[in-house]
Amino acid sequence: MARRRVSLSYVQLAIAFFICFLFFYLYDKSFKNDDDRSSFEKFNNSTGAHRFIVPNIIHFIHYNKNSQLNFIDYVVLIAAMRNHQPDMFYYHTDIVDYKFSGKYWDWVKKDRSLWSRIQIKYLQVPTEIFGQKLNEEWRYFHGGDIGRIHVLMRYGGIYLDNDAYVIRSLHKYRKFECVLNWDENQFMGTQIIIAHKDARFLPLWLDSYRQYHPDEWYYNAGERPTVEILTKHPQLIHRVKGDFGADISVSMSLYDNPTFNWRHLDAIHLLVNHRVYMDDNYNKTPVFDENTILNYNYPFGEMIRELLDIHPPAINRS
Ligand SMILES: *[C@@H]1O[C@H](CO)[C@@H](O)[C@H](O)[C@H]1NC(C)=O
Ligand SMILES: *[C@@H]1O[C@H](CO)[C@@H](O)[C@H](O)[C@H]1NC(C)=O
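The name an unreviewed UniProt entry gives the chain is Sulfotransferase sult, with Daphnia galeata as the organism.

Visitor: Help me get a handle on the overall build of the chain, residues and values and all.
Guide: Counting its regular elements, the chain contains 10 helices and 11 strands. Looking at the chain alone, contacts between residues at least 24 apart form 71% of all its contacts between residues at least 6 apart.

Visitor: An account of the packing of helix α2 (residues 71-83) against helix α10 (residues 299-308) is requested, with residue identities and associated values reported.
Guide: One way to put it is that α2 packs onto α10 with a least axis distance of 10 Å and a crossing angle of 65°. Our pair here, α2 against α10, has a crossing hand that is left-handed. Across from Val75, Ile78, Ala79 and Arg82 in α2, the residues of α10 making contact are Ile304, Leu307 and Leu308. A per-class count over the contact of α2 with α10 returns 6 nonpolar, no polar and 1 charged.

Visitor: Go over the site of ligand 1 with me, naming the residues and quoting the values.
Guide: By nearness alone, every residue bordering ligand 1 is listed as Asn44, Ser46, Thr47 and Gln235. Along the lines of polarity and charge, the residues of the shell around ligand 1 split into no nonpolar, 4 polar and no charged.

Visitor: How would you explain the site of ligand 2 if you had to name every residue and give the values?
Guide: Neighbouring ligand 2 are the residues Asn45, Ser46, Pro234, Gln235, Ile237, His238 and Arg239. Here the residues of the shell around ligand 2 are counted per class, giving 2 nonpolar, 4 polar and 1 charged.

Visitor: Account for the environment of alanine 199, naming residues and giving values.
Guide: Positionally, alanine 199 belongs in the loop between β9 (192-195) and α6 (201-207). Separated by 43 residues in sequence, alanine 199 and glycine 156 place their C-alpha atoms 8.5 Å apart. Excluding residues that lie within four positions of it along the chain, alanine 199 makes contacts with Glu177 and Cys178.

Visitor: Before we move on, could you go through unusual backbone geometry and cite the residues and values that matter?
Guide: For glutamine 85, which is not glycine, the phi dihedral falls at a positive 60°. Mapping glutamine 85 onto the fold places it in the loop between α2 and β2 (88-93). Positioned with a positive phi, phenylalanine 130 is a non-glycine residue whose angle comes to about 45°. Along the chain, phenylalanine 130 falls in the loop between β4 (128-129) and β5 (132-133). According to the C-beta neighbour criterion, phenylalanine 130 is exposed, with 10 such atoms within 10 Å.

Visitor: Account for the confidence of the model for the chain, with residues named and values stated.
Guide: Overall, the prediction assigns the chain a mean pLDDT of 91, with 87% of residues at 70 or greater. pLDDT under 50 marks residues 28-36. Its contacts with residues more than four places away, or in other chains, come to 6 contacts.

Visitor: Would you mind going over the sheet that holds strand β8 (residues 178-181) in detail, with residue names and values included?
Guide: Overall, mixed pairing links the 7 strands, which are arranged β3-β2-β1-β6-β9-β8-β10 in an open sheet. Looking along the sheet, the strands with just one partner apiece sit at the ends: β3 (118-122) and β10 (238-240). Neighbouring strand axes in the sheet, compared pairwise and without regard to direction, differ in orientation by 20° on average. Sheet strands in contact with helix α5 (residues 139-155) are β1 (57-62), β2, β6 (157-160) and β9, and its direction is about 150° off that of β1.

Visitor: Tell me about the pairing of β6, and name the residues and values.
Guide: Judged from the 2 bridges that link them, β1 and β6 form a sheet pairing that is parallel. Opposite isoleucine 58, over in β6, you have isoleucine 158 as the bridge partner. Bridge count between β6 and β9: 4 bridges; the pairing is antiparallel. Across the sheet, glycine 157 pairs through a bridge with alanine 195, a residue of β9.

Visitor: Can you lay out the packing of α2 against helix α3 (residues 103-110) for me, pointing to particular residues and giving the numbers?
Guide: Their axes nearest at 9 Å, the elements α2 and α3 cross at an angle of 20°. By the angle class used here, α2 and α3 are roughly parallel. In this structure, α2 crosses over α3, and the sense of that crossing is right-handed. Contact residues: Phe71, Asp73, Tyr74 and Leu77 in α2; Tyr104, Trp107 and Val108 in α3.

Reading guide: rules and limits
Residues numbered from 1 in each chain as written. Chains lettered and ligands numbered in written order. Predicted model: local features only at pLDDT ≥ 70, side-chain atom pairs only at ≥ 80, totals over all residues. Helix = DSSP H or I, 4+ residues; strand = E, 2+ residues; numbered from the N terminus. Contact = placed C-beta atoms within 7 Å. Axes fitted to C-alpha atoms, helices over the stretch in contact; angles between N-to-C directions. Left-handed = near helix turned anticlockwise from the far one by under 90°. Nonpolar A, V, L, I, M, F, W, Y, C, P; charged D, E, K, R; others polar. Near = placed C-beta within 6 Å. Buried ≥ 20, exposed ≤ 12 C-beta atoms within 10 Å, placed from the backbone. pLDDT = per-residue confidence, 0-100. Pairing = 2+ DSSP bridges. Parallel < 35°, antiparallel > 145°, perpendicular 65-115°, else oblique.

Written as structure tokens, this is what we have:
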């Protein structure tokens, strides 16, 4: 009896070892397939990995701002929380001693689940790139273009412009090495970038700044990487066409097309800071906030009222 029990446990032990071996072998293999920089060489940009490989962190860059949120920052944050639910929000700022202040941070603090996800990270504004001085006037813009590459190469995650509004969950894109919106016959968009920190495209993009054109707004951010890298190596990214709402006419529909349907998009670029010269009705509602949005009749009004669950006074509703 005793002998049989002993031999049985040897068999059990052997099986246990074998299972452990198999598990680690397979785990290691799948890990390498998905995560190793070298193995991205064979990465399939249309099918992606079998699991999430991009951390669920949303990054914002707040350069040249104070320690407050404005209304648009606030709705962009709430939309990303509500519609995507990241683990963390990293605000990268050039403020050394950041003090959360203002009404909208107070509102954020009241939501414990949201507040617990917020982190401030110091990020210096670049003044030069590969020895070339950044255009002084556009320092924060060109600096932010470079900053987002650095941030993604350091952490990986989901970079959002300060006016990139998330409509639907972006989790499906977290299975790819790098995801960008690149519409047909356009340059790539940089308002939303989802990337693994070792994505091959990122260092190539950064390196393309060795030829920096200070006088061109979008040369290094969009034109050069599209022409020099993506058209030659489209397998480096998972290409999104249209679903990130990067097209200017799509953005402007929020403010000028009453029947525009935004709900099928994953995100939309709000372009609020460009309404001043693009929106014929700009003067009627120059500033958006929780009051002016109540009676704003274009799709942006409906979108934000729905997000914040606020409604115009009954008397104004026909
Ligand atoms: C990616 O995977 C799909 C489906 O298996 C396949 O049809 C396609 O050829 C692959 N692409 C590359 C570049 O390997
Ligand atoms: C994947 O890469 C191929 C080139 O290898 C490209 O033609 C295709 O458009 C890419 N697919 C996606 C979804 O980006």
